[in-house]
Amino acid sequence: SSPAAAPPRRRPSAPSGRGPRAGSLALAAALAAGACGDPGGGAGAAPCAVLITLDTTRWDAPGFLGGTPGVTPALDALARESVVYPWARTVAPVTLPAHASMLTGLWPPRHTVRENHLMALPPEAETIAERARDAGLATGAFVAAAVLDRAFGLDQGFATYDQVERRPDDPEANFAERPAAEVVAAARRWRADLPADASYFLWVHLFDPHAPYRPPAAFARAAGTPYLGEVAAMDAAVGDLLADLRARGDLDRGVVVVVADHGEALGDHGEPSHGAFVYDATLRVPFLVRHPGGRRGGERSAAAASVADVFPTLLEALDLGAAGDVDGVGLLRADPPADRAVYFESYEGYIKYGHGPLAGWADARTKYVHAARPELYAPADDPSEERDLARERADELPGCRDRLAALLARPALDPAPARGADDALLAQLEGLGYVASGTSTPALPDPLAPTTRPSPHDRAEELQAFLAATSLGRRGRFAEAVQGLEAIVQANPRHAAALDYTAFFLMQMQRHDEAAERLERALRLAPERPNTLYNLGVCRERAGRRDEALDLYRRALELDPGHVGARRDVARLAGDG
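Residues numbered from 1 in each chain as written. Predicted model: local features only at pLDDT ≥ 70, side-chain atom pairs only at ≥ 80, totals over all residues. Heavy atoms only, no water.

Trainee: I'm lost on the overall build of the chain in this one. Help?
Mentor: Helix and strand counts for the chain stand at 21 helices and 13 strands. Per-residue burial for the chain yields a buried fraction of 61% across its 577 residues. The long-range fraction of contacts in the chain, counting pairs at least 24 apart against all pairs at least 6 apart in sequence, stands at 71%. In the form shown here, the chain has an accessible surface area of approximately 20,600 Å², with 51% of it arising from carbon and sulfur atoms. (Helix = DSSP H or I, 4+ residues; strand = E, 2+ residues; numbered from the N terminus. Buried < 20%, exposed > 50% of the residue type's maximum accessible area, 1.4 Å probe, protein only. Contact = heavy atoms within 4.5 Å. Areas by Shrake-Rupley, 256 points an atom, 1.4 Å probe, with all protein chains shown as cover.)

Trainee: Explain the pairing of strand β7 (residues 255-260) here, please?
Mentor: The side chains of a regular strand alternate between the sheet's two faces. Within β7, 6 of the 6 residues are buried, which leaves it mostly tucked inside the rest of the structure. Of the strand pairs in this sheet, strand β1 (residues 48-54) and β7 are connected by 6 bridges, and their pairing is parallel. Each bridged residue has a counterpart across the sheet, and for L54 the counterpart in β7 is A260. Across 4 bridges, β7 lies against strand β8 (residues 287-290) in antiparallel orientation. Within the sheet, the bridge partner assigned to V256 lies in β8 and is R290. (Pairing = 2+ DSSP bridges.)

Trainee: It is not clear to me how helix α16 (residues 478-491) should be interpreted in this structure. Could you clarify?
Mentor: Each α-helix turn comprises 3.6 residues. Residues three or four places apart therefore point the same way. Between its first and last C-alpha, α16 extends 20 Å over 14 residues, near the 20 Å set by a 1.5 Å rise per residue. Restricting attention to buried positions, one finds in α16 the residues A481, V482, L485, I488 and V489. The buried side chains of α16 occupy one side of the element, clustering within an arc of 125 degrees when seen end-on. Set apart from the buried face of α16 by more than 90 degrees, the exposed residues are Q483, Q490 and A491. Among the structural elements, α15 (460-474), α17 (496-508) and α18 (512-525) are those in contact with the buried residues of α16. (Expected span 1.5 Å × (residues − 1). Arc of directions from axis to C-beta.)

Trainee: Got a minute to help me understand the sheet that holds β8 in this structure?
Mentor: Sheet strands associate in pairs through backbone hydrogen bonding, adopting either a parallel or an antiparallel arrangement. In spatial order, the strands read β2-β8-β7-β1-β6-β4-β5; together these 7 strands make up an open sheet with mixed pairing. This sheet does not close on itself; its edge strands, each paired only once, are β2 (83-84) and β5 (160-162).

Trainee: Any chance you could explain the packing of aromatic side chains here in plain terms?
Mentor: To describe a pair of aromatic rings, one takes the distance between the centres and the angle between the planes. Per the counting criterion, the structure on display carries 19 aromatic pairs. Pairing W107 with Y343 gives two aromatic rings, centres 6.2 Å apart and planes at 40 degrees, and the pair type is tilted. Taken together, the residues span a long stretch of sequence, with W107 in the loop between α3 (95-104) and α4 (108-111) and Y343 in strand β10 (residues 342-346) at a distance of 236 residues. For Y343, a relative accessible area of 1% translates into the label buried. (Phe/Tyr/Trp six-rings, centres within 6.5 Å; stacked < 30°, edge-to-face > 60°.)

So this is what it looks like as structure tokens:
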């Protein structure tokens, strides 16, 4: 996301006073002792389901998928009582689109959420929470990061949507987060307030492994790296939640689904983090389904699974009827078909960096990536994707493209803008005669449309240079950051994100006129982003152009009704007027 004009802050650490994995180890011991109750879940027992989503968690981070032993004892113990899907993939290596697919069962081209902060899940989309609510179940969501703010539509159907507070004057407000221990504590309080035998659907989202990696010191020491330290801290919180559910008997009668939204490349294929590329370092995700009472525990499926399978799987778990016209398949009653292909995409390179979009599919044997330079892999034989087979198997590429076209042929919803939240500040704005409601969403090219833009996979050095320059700026070395970013724009004039960050660092240097010029160029190149508009508003206000600033703040607020700076400054300027 583009930065908002403000100084950085450190994220809070997990509460002190407990060992790094005490809760997880206790749960592991309990699970190792065996499942309690009727292995079928208890005839006549009220159903419940828990979805735990692990943000930015590599498929090979947990021990049960080959990760460092001892980092994830809670997840490893749960896996022994679950069906594990080692070849599960996300639909996009981006948080909001991936979660939209989990909750609806649709690929991103159908639910229309293609990137963070640019669009919301359309109201006509049907979520698992809406199905559960309409059937009389309690519904609660506890999310750890502002990227899943209710303004982006994932709160549909949740009676409780407990989200992180977005702070004013925070450049990383779009990724404001809270630690897993805090999220789980809130979820446990919600469960404790329900009747003992309540039917419910609970979603818990944990964000810890997302950069920057700043785990509590005890977890970092135990895990060996800062990234794995974050994974370990998250695992401990998962252990606390599962131990609570076990003590209440919910694991005997309910289903638990644990899945990551995407992975983290950590340098694989030249990608430091995630979002821009579609290699399996960020597409493959840990995915397990624990049946009531631990039935089928220890099984592993070779099927191609997708995060879109969460919706129909939870429908089966809660006995909420047929899934209808969705892309995901239910996993409780049968494995996916052997010939199934799952869809994936990334539009980050197109939106931010001036590259072409990426899209493709993978089945049990093959992975096809459609771009200006198509790629073909055999992941089972080459899990690191070191050998691109596109040239030697060129005769297969037209058929691969046709298969992708078939996945894209199903009808899509109408795109939706972000929407407002019902709170005191919006009420104040309404009193001033302004209502933030969202007005448009960006038009994106079809994945199969011809393009002259390069494949993001061929621009790894540019991505590394961009991230290195922004890192310099975040450390206060603004002049060096600007120099590096200007060099990127010189070589790639379409690089909207480099212009965005150049402007942000120029603003820190009080060079607002120069920053405004870069922001105007960025807005001509790419879909409007709330922070780009907001920062341009700050520059206009500094230049004494108050009315233009107010219009820009309002537009930023239309795109992101939760944008704290825009809400504050619209209220301030409109009130002064």
